[in-house]
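# Chains, contacts and geometry: an overview
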Amino acid sequence: MDGHIEVERKRRLPDDGTTVTRMLAGLGWTPDAPVTEVDTYYSRPDVDYMETVECLRVRRRGDFSEITYKPPTDAATHSTEDMISKKETNVLLGFDQAQQADQLLENIGMRRLVQVEKHRTTYRHPMHPGVSVSIDAVTGAGFFVETEVISDAPDAAAVRVDQTEVRLGVADLPTVDLPYRDLVLEQSAH
């Protein structure tokens, strides 16, 4: 997917996602198998990724693991409508290599920030290729709906995110401009 950008927006759900799940089913969206992702987030010792809103994480999901980096957030990557458009760098890890990736990052001086556990069900529709809608239950942070479009045309993808949210009846829910990492850290500080 070289050259493609992930355009997404998260919204806080007022319930556990049951209402949106019913709406998705009624409109012909089908769920992937539910997954649990455990993400360990890191920051550099000389740059605070919480301030720059960069992402360096090791993700575990069943037998799958990867390292992901997302560049800093700025006016070009984060719109005033809380739409985020960033090019990710992902490195797939072999079976059971997540622990070695954690050790490598710590050995080179990266600071461990937090671990986030997310239970996610992603929905797809055959008439909307490249669009996914996920219902997330994030331990310590709550319930969210995330609409995502992968595209090489960020402006067109942003329009598709807007249109999908309107069709699903979630466009009026409050947007969330912080990553799950930040929300979990915020809650753990209280």
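Scope of this entry: the structure provided in the associated data block. (Residues numbered from 1 in each chain as written. Predicted model: local features only at pLDDT ≥ 70, side-chain atom pairs only at ≥ 80, totals over all residues. Heavy atoms only, no water.)

### A look at the overall build of the chain
As a reminder of what qualifies: Counting from the N terminus, the helices are the DSSP runs of H or I reaching at least four residues and the strands are the DSSP runs of E reaching at least two. The quantity called the radius of gyration is restricted to C-alpha atoms. Its globule counterpart is 2.2 Å times the number of residues to the power 0.38. Relative accessibility decides the category of a residue: with a 1.4 Å probe and only protein chains considered, values under 20% of the type maximum give buried, values over 50% give exposed, and everything between is partly exposed. Every residue pair with non-hydrogen atoms within 4.5 Å of one another is taken to be in contact. All accessible-area figures derive from a Shrake-Rupley calculation using a 1.4 Å probe, and residue coverage is judged against the displayed protein chains alone. The charge count includes Lys and Arg as positive and Asp and Glu as negative, but it does not include His or the ends of the chains. Where a charge lies is defined by one atom per residue type, namely NZ (Lys), CZ (Arg), CG (Asp) and CD (Glu).
Secondary structure summary: the chain contains five helices and 11 strands in total. Computed over the C-alpha atoms, the radius of gyration of the chain is 17 Å, within 12% of the 16 Å expected from 2.2 N^0.38 for a compact globule of 190 residues. Oriented by its inertia axes, the alpha-carbon framework of the chain measures out at about 50 × 40 × 35 Å. Counting the 190 residues in the chain, one finds 43% classified as buried. Counted over contacts in the chain with a minimum sequence separation of 6, partners at least 24 positions apart contribute 65%. For the chain, the accessible area works out to roughly 10000 Å², and carbon and sulfur atoms hold 54% of it. When the 21 basic and 33 acidic side-chain charges of the chain are each reduced to a single mean position, those positions are 2 Å apart.

### Thoughts on the pattern of salt bridges
The condition that has to hold: Salt bridges, as used here, are contacts in which a Lys or Arg side-chain nitrogen is within 4 Å of a carboxyl oxygen on Asp or Glu.
In this structure the tally under the stated criterion is 16 salt bridges. For D162, the salt bridge goes to R9, with nearest N and O atoms at 2.4 Å. With D162 in helix α4 (residues 154–168) and R9 in strand β1 (residues 5–12), the pair connects residues that are 153 residues apart, well separated along the chain. A relative accessible area of 2% places R9 in the buried class. Put simply, R124 and D32 hold a salt bridge, and the shortest N to O gap is 2.9 Å. Here the residue R124 occupies a position in strand β8 (residues 111–124), and D32 occupies one in the loop between β2 (30–31) and β3 (35–43), the gap between them amounting to 92 residues. What makes D32 partly exposed here is its relative accessible area of 30%. When salt bridges that share partners are traced, they join E37, D39, R59, R61 and K118 into one network.

### Overview of the packing of aromatic side chains
This is how it is decided: A pair of aromatic rings is counted whenever rings of Phe, Tyr or Trp (Trp by its six-membered ring) have centres within 6.5 Å, and the orientation is called stacked for planes under 30 degrees apart, edge-to-face for over 60 and tilted otherwise. Consider the ring centre and the ring normal. A charge sits over the ring if Lys NZ or Arg CZ is within 6 Å of that centre and within 35 degrees of that normal.
Using the criterion set out here, one finds one aromatic pair in the structure. Judged by centre distance (5.1 Å) and plane angle (55°), the rings of F144 and Y180 are tilted. Here F144 is found in strand β10 (residues 142–151), whereas its partner Y180 is found in helix α5 (residues 180–189), with 36 residues between them in sequence. Judged on exposure class, the residue F144 and its partner Y180 are both buried. The ring centre of Y180 lies 4.6 Å from the NZ or CZ of K10, which sits over that ring.

### Topic: the pairing of β3
Successive residues of a regular strand alternate their side chains across the two faces of the sheet. The line we're drawing: If DSSP finds at least two bridges between two strands, the strands pair.
Here β3 lies mainly inside the structure; seven of its nine residues are buried. Where β3 lies against β8, nine bridges are found, and the strand directions are antiparallel. Of the residues in β8, the one forming a bridge with V35 is R120. For β3 and strand β4 (residues 55–61), the ladder comprises five bridges, and the chain directions are antiparallel. By the bridge assignment, D39 is partnered in β4 with R59.

### Overview of the pairing of strand β9 (residues 131–138)
With seven of eight residues buried, β9 is to be regarded as a mostly interior element. Here β9 folds back onto β10, and the loop between the two strands holds three residues, one of which, G140, carries a positive phi near 85°.

### Here's the deal with helix α3 (residues 98–107)
Which entries qualify depends on this criterion: It is the directions from the helix axis to the C-beta atoms that the arc portrays.
A98, A101, D102 and L105 are the residues of α3 that are buried. When α3 is viewed along its axis, its buried side chains cluster within an angular range of 100° and face the same direction. Those residues of α3 that are exposed and angled more than 90 degrees off the buried face are Q99 and N107. Those residues of α3 that are buried are in contact with β3, β4, β5 (64–70), β7 (89–93) and β8.

Don't take any of this as a statement about function, it's just geometry.
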